[in-house]
Amino acid sequence: MYDFLTGPMLWVTFLVSFGGLLVRAVMYVRGLNWQLDRVAYRPNMSYGIRGAIRSILAFIIPFKAQAQRERPGFTIIFFAFHIGLLVTPIFLEAHNVMLEKAFGFSLPTLGTGFADTLAWMCLVGGLFMVLRRIAFPEVRIITTAYDYLLLVITLAPFVTGLIARYEMGDYNFWLMAHIITGEIWLLSLPFTKLSHAILFFMSRMQLGMDYGIKRGGMKGSDFAW
Amino acid sequence: MPEGKFCNKTPITTDEQLKATLNDKGGKQYYEEMNHLEVDSEKLWGTIQKTMKSRLKTWLEICAHCGLCAEPCFLYQVNGRVPEQVPSYKIQATLGQIVKKKGKVDNAFMQMCMETAWSKCTCCNRCGHYCPHGIDMGVMFSYLRGLLYGQGFVPWELKIGAGMHRVYRAQMDVTTEDWVETCEWMAEENEDEWPGLEIPVDKVGADIMYTCNAREPKHYPEDLAEAAILFHVAGENWTVPSEGWEQTSLSMFAGDWECCKDNVANVYAAIERLKPKRATGTECGHAHRATVIEGPYWMGREDGQPPVPFLHYVEWLAEALREGKIKIDPSKRIKEPVTLQDSCNYVRNQGLKDVTREIISYLVEPGYFVEMAPCKEHNYCCGGGGGFNGIGKYREQRNMALRKKMDQILDTGCKLVIAPCHNCWDAIRDLEEEYEIGIRWTFLKPLVIKMMEVPEHLLPKDE
């Protein structure tokens with residue numbers, strides 16, 4: 001079972017997940033329409049790219065966008081959650097041991113303490129995400145069961161991973177649970193709202209181009225949309 | 001498929017239809033008929049499949065339901081922060097549902113959508129910058145308005161407004177003769193005070209072609225005279241077209257895209273015919289957006305640009321002041337606290353924040369200009385944007401919407417507001433009428449005329 005999950009199943013998962021996200025990115029660009037979107041993408045590509053980069057940077061650098069400055073609490077939770085979510089799995093020592101075994105190379109790895117902190121950051125951040133959905137009426141009204149399901153899918157590998165890491169209960173059981181939930185998470189990426197992993201960049205890029213070309217960029221406005 | 005006499009899926013295209021619909025006071029029969037209007041689900045879904053591409057589809061799909069769009073929306077703020085005013089909720093509950101149900105929605109649902117699209121969003125685009133995913137609700141509501149218009153679910157005034165454009169090619173019943181006569185009348189009226197003042201109609205090859213808002217010839221002809229005086233003093237070689245002089249587009253508020261294209265085609269045809277080096281329009285936000293920012297796309301112009309460089313009035317004025325074509329008498333500079341209303345349609349939608357402030361630097365004594373908070377691209381809608389000002393059915397909601405601007409103005413402590421946009425000017429006038437906070441409001445033209453130095457040779461000679 002372990003060999004299957006970390007062998008063929010893992011490769012299928014990677015293929016579907018990353019291939020799927022790539023397909024979504026390509027489909028997004030193919031579905032852009034200069035006339036319907038009312039943005040002259042092609043003739044003004046340089047303005048567009050400038051706007052796109054500005055827009056993406058404004059929203060991935062903490063506290064750069066006005067929106068993030070106005071909501072410092074949310075911004076901290078949001079970045080803690082996402083940094084923990086992305087950095088931990090990629091640079092975790094245990095994951096890189098597997099990588100080394102399979103491909104003969106590995107990435108720089110995190111110290112155990114640091115990795116633990118990141119994982120907890122993600123968990124606590126996720127917990128706050130749940131709490132604000134319940135606590136704030138403006139978030140509650142738009143929250144659906146689907147939103148909670150996505151949080152469960154996303155957090156499950158961290159919960160199981162931490163249980164296994166602290167060797168609480170049956171290690172093998174939690175290790176398997178960790179691998180399975182991790183693969184579910186990866187497989188969900190292209191097919192659910194988690195596709196924002198790539199579509200965030202596509203959407204911001206498009207809006208950045210819109211503003212960069214049409215709504216101010218060509219008039220010299222440096223506003224980062 | 002029952003359709004009403006006034007409320008139906010067919011745009012108004014004749015003078016008779018227009019007059020008949022206008023005579024239905026307040027749209028009483030119109031809204032009654034709307035209760036029986038059937039939804040053509042097939043057409044609705046067909047349109048969505050044809051026109052809803054990556055951008056809108058992705059926006060609907062990836063909205064993370066985080067609620068960060070709530071606070072940036074002024075309508076959420078002024079309406080007691082009720083969750084029903086959260087932008088994400090407003091669009092998911094309307095367009096989102098139409099898409100989910102593949103167009104199979106009923107009359108009551110469409111009426112709810114109409115109310116949401118025209119009284120709970122002014123398409124000010126402010127939320128777009130506050131959404132982590134870059135979802136611009138203004139764009140989505142504008143799209144929804146198009147779908148609703150196609151099904152006949154549009155406020156009475158906007159059905160008429162789009163009809164006016166279709167019949168008269170102007171938002172009001174101003175004919176070519178009316179327009180040309182108004183130009184002649186205004187030139188004559190002011191010629192004693194401004195010897196040699198002209199409003200040249202259809203001059204070929206002028207340096208600049210001027211277009212305006214039909215409300216001006218209809219109700220504020222002095223605005224046209226003021227434009228003429230400023231061009232005269234600036235020594236501009238200018239003209240107005242006899243056809244294609246109207247650059248507003250109530251059809252854009254209504255979601256009548258076919259008509260939008262026709263409006264712009266009319267202005268661009270005037271440009272092709274008169275071959276001016278450049279064009280400019282009046283102090284109006286949505287007119288500029290319709291003709292200059294969105295217009296090129298409706299016309300299928302691949303470069304996204306009008307046929308000749310087309311400036312907003314603030315750009316022309318800033319240039320005239322910068323180059324000394326118009327000089328301000330320093331003793332007449334404004335010496336009282338004054339604030340500026342940023343119009344969503346050319347500040348948030350074309351980055352014209354700096355030129356407006358450049359104008360202020362010439363007109364206002366240093367130390368007297370007070371910015372609203374927030375301002376520039378972060379400024380709030382005047383409260384009457386996107387057609388909100390003109391819809392009787394939603395007057396109460398509109399009056400509530402004005403409160404944000406009222407608070408912003410009160411916070412500056414200014415009694416004078418410069419509003420270089422027709423719609424903002426109207427909204428600020430209405431907010432003073434409604435709430436009596438003791439403010440004055442002005443366009444730039446009359447202000448500059450009062451303050452400029454007039455060269456000796458342009459002054460009237462004593463008899």
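Every chain is numbered independently, its residues counted from 1 as its sequence is written. Whichever chain is written first becomes A and whichever ligand is written first becomes 1, with later ones labelled in order. Restriction of local features to residues with pLDDT of at least 70 applies here, the model being predicted, together with a cutoff of 80 or more for giving and counting side-chain atom pairs; totals for whole chains, interfaces and linings are based on all residues. To obtain the side-chain values, all non-hydrogen atoms of the structure were used and water was disregarded.

1. Structural notes on the overall build of chain A
Next, step 1: Across its full length, chain A carries twelve helices and zero strands.
Next, step 2: Note on conventions: DSSP H or I runs of at least 4 residues are helices, E runs of at least 2 residues are strands, and numbering of each starts at the N terminus. Listed by position from the N terminus, the elements making up chain A come as α-α-α-α-α-α-α-α-α-α-α-α.
Next, step 3: Overall size of chain A, expressed as C-alpha extent along the three principal axes, is 60 × 40 × 35 Å.
Next, step 4: Here's how the labels work: a residue is buried when its accessible area is under 20% of the maximum for its type, exposed when over 50%, partly exposed in between, all with a 1.4 Å probe on protein chains only. Expressed as a percentage of its 225 residues, the buried residues of chain A come to 47%.
Next, step 5: As presented, chain A carries roughly 11400 Å² of accessible surface, and 73% of it is formed by carbon and sulfur atoms. Each accessible area is a Shrake-Rupley result for a 1.4 Å probe, and residues are judged covered by the shown protein chains and nothing else.

2. Some thoughts on the overall build of chain B
Next, step 1: Across its full length, chain B holds 22 helices and nine strands.
Next, step 2: Expressed as a percentage of its 463 residues, the buried residues of chain B come to 64%.
Next, step 3: By definition in these notes, contact holds between two residues if any of their heavy atoms fall within 4.5 Å. Pairs at least 24 residues apart make up 81% of the contacts formed inside chain B by residues separated by at least 6 positions.
Next, step 4: Here chain B displays about 16700 Å² of accessible surface, and carbon together with sulfur accounts for 51% of that area.
Next, step 5: Put simply, chain B has 54 plus and 68 minus side-chain charges, and the middle of one group is 7 Å from the middle of the other. Charged residues are defined narrowly, with Lys and Arg counted positive, Asp and Glu counted negative, and His plus the chain ends left uncounted. Where a charge lies is defined by one atom per residue type, namely NZ (Lys), CZ (Arg), CG (Asp) and CD (Glu).

3. As for the pattern of salt bridges
Next, step 1: By definition, a salt bridge exists where a carboxyl oxygen of Asp or Glu is found within 4 Å of a side-chain nitrogen of Lys or Arg. Counting across every chain of the model gives 36 salt bridges over all chains.
Next, step 2: Between Arg215(A) and Asp210(A) there is a salt bridge, with the nearest N and O atoms lying 2.9 Å from each other.
Next, step 3: Note on Arg215(A): relative accessible area 3%, which makes it buried.
Next, step 4: You can call Asp210(A) buried: its relative accessible area is 1%.
Next, step 5: A salt bridge links Glu336(B) to Arg440(B); the shortest N-O distance between them is 2.8 Å. With a gap of 104 residues between them, Glu336(B) in the loop between β5 (327-328) and β6 (338-340) and Arg440(B) in strand β8 (residues 440-442) connect regions that are remote in the sequence.
Next, step 6: Look at Glu336(B) and you get partly exposed, because its relative accessible area is 23%.
Next, step 7: For Arg440(B), a relative accessible area of 44% gives the class partly exposed.
Next, step 8: Among the ionic contacts, a cluster of salt bridges with common partners joins Asp37(A), Asp210(A), Arg215(A), Arg55(B) and Asp136(B).

4. Structural notes on the domain arrangement of chain B
Residues and elements named next belong to chain B.
Next, step 1: Taken domain by domain, chain B comprises domain 1 (39-154), domain 2 (169-311) and domain 3 (327-453).
Next, step 2: Where each domain starts and ends follows an automatic or database-derived domain assignment. Centre-to-centre separation of domain 1 and domain 3, based on C-alpha positions: 28 Å.
Next, step 3: Once two parts are brought into contact, the accessible area they lose, counted with a 1.4 Å probe and summed over both, makes up the buried area. Taken over both partners, the interface formed by domain 1 and domain 3 buries close to 1600 Å², and the fraction arising from carbon and sulfur atoms is 60%.
Next, step 4: Among the residues of domain 1 in contact with domain 3, Phe 74, Val 78 and Arg 126 are the three that bury the most area, contributing 33% of the side total.
Next, step 5: The tally of links between domain 1 and domain 3 comes to zero salt bridges.
Next, step 6: The term polar contact refers here to a pair of N or O atoms within 3.5 Å; inside protein, the definition further demands a hydrogen-donor-capable atom paired with an acceptor-capable atom, and it admits residues adjacent in sequence only when both atoms are side-chain atoms. Our count for the domain 1 to domain 3 interface comes out at seven residue pairs in polar contact (both at pLDDT 80 or more).
Next, step 7: At the level of elements, α5 (74-78), α7 (107-119) and α8 (127-130) are the ones that each hand at least two residues to the side of domain 1 that touches domain 3.
Next, step 8: The nonpolar class holds Ala, Val, Leu, Ile, Met, Phe, Trp, Tyr, Cys and Pro. Asp, Glu, Lys and Arg form the charged class, and all remaining residues, Gly among them, are polar. Taken together, the residues of the side of domain 1 that touches domain 3 break down into eight nonpolar, six polar and four charged.

5. Quick look at the interface of chain A and chain B
Next, step 1: With 53 residues of chain A at the interface, the matching set in chain B holds 52 residues.
Next, step 2: For the pair chain A and chain B, the summed buried surface comes to about 4500 Å²; carbon and sulfur atoms form 58% of the total.
Next, step 3: At the boundary of chain A with chain B, the tally comes to eight salt bridges.
Next, step 4: Between Asp37(A) and Arg55(B) there is a salt bridge; the shortest N-O distance is 3.9 Å.
Next, step 5: Scanning the region where chain A abuts chain B turns up 27 residue pairs in polar contact (both at pLDDT 80 or more).
Next, step 6: Put simply, the parts of the chain that give the side of chain A that touches chain B at least two residues each are α2 (8-30), α3 (34-37), α5 (66-70), α8 (112-135), α9 (137-140) and α12 (196-213) of chain A.
Next, step 7: Sort the elements by how many residues they give to the side of chain A that touches chain B and α12(A) lands first, with ten residues.

6. Digging into helix α6 (residues 87-100) of chain B
Residues and elements named next belong to chain B.
Next, step 1: Helix span, expected: 1.5 Å multiplied by one less than the number of residues in the helix. With 14 residues, α6 extends 18 Å between its outermost C-alpha atoms, agreeing within 8% with the 20 Å of an ideal straight helix rising 1.5 Å per residue.
Next, step 2: Along α6, the largest kink reaches about 35 degrees and is centred on Ala 93.
Next, step 3: With ten of its 14 residues buried, α6 lies for the most part within the structure.
Next, step 4: Contact partners of the buried residues in α6: α3 (41-51), α4 (54-62), α5, α7 and α9 (137-150). Two axes define the bend at a residue: one fitted to the seven residues ending there, one fitted to the seven starting there, and the bend is the angle between them.

7. Focus: a nonpolar patch on the surface
All names here are of chain A.
Next, step 1: Distance thresholds for patches are 9 Å for like charges and 5 Å for nonpolar side chains (Val, Leu, Ile, Met, Phe, Trp, Tyr), applied to residues having over 30% relative accessible area and no salt bridge. Residues Trp 120, Val 124, Leu 127, Phe 128, Leu 131, Ile 134, Tyr 148, Tyr 166 and Met 168 make up a contiguous nonpolar surface patch of roughly 840 Å² in combined accessible area.
Next, step 2: Per-element accounting of the nonpolar patch gives the leading share, six residues, to α8.
Next, step 3: Mapped onto the secondary structure, Phe 128 falls in helix α8.
Next, step 4: Looking at Phe 128, the relative accessible area reads 42%, which means it is partly exposed.

8. Let's talk about the packing of helix α6 (residues 72-91) of chain A against α8(A)
The description of two helices packed together rests on the angle between their axes and the distance between the axes.
All names here are of chain A.
Next, step 1: Lines fitted to the C-alpha atoms define the axes, with helices restricted to the stretch that makes contact. Angles between their N-to-C directions range from 0 to 180 degrees. Interhelical geometry of α6 versus α8 gives an angle of 135 degrees and a closest axis separation of 7 Å. By the angle class used here, α6 and α8 are oblique. Between α6 and α8 lies a crossing of left-handed hand. Listed contacts from α8 to Phe 74, Ile 77, Phe 78, Ala 80, Phe 81, Ile 83, Gly 84, Leu 85, Val 87 and Thr 88 of α6 are Ala 115, Leu 118, Ala 119, Met 121, Cys 122, Gly 125, Gly 126, Phe 128, Met 129 and Arg 132. Roughly parallel covers angles under 35 degrees, roughly antiparallel covers those over 145, roughly perpendicular covers 65 to 115, and oblique covers all other angles. Whether a crossing is left-handed or right-handed is set by the direction in which the near helix is turned from the far one by less than a right angle, anticlockwise for left-handed and clockwise for right-handed.

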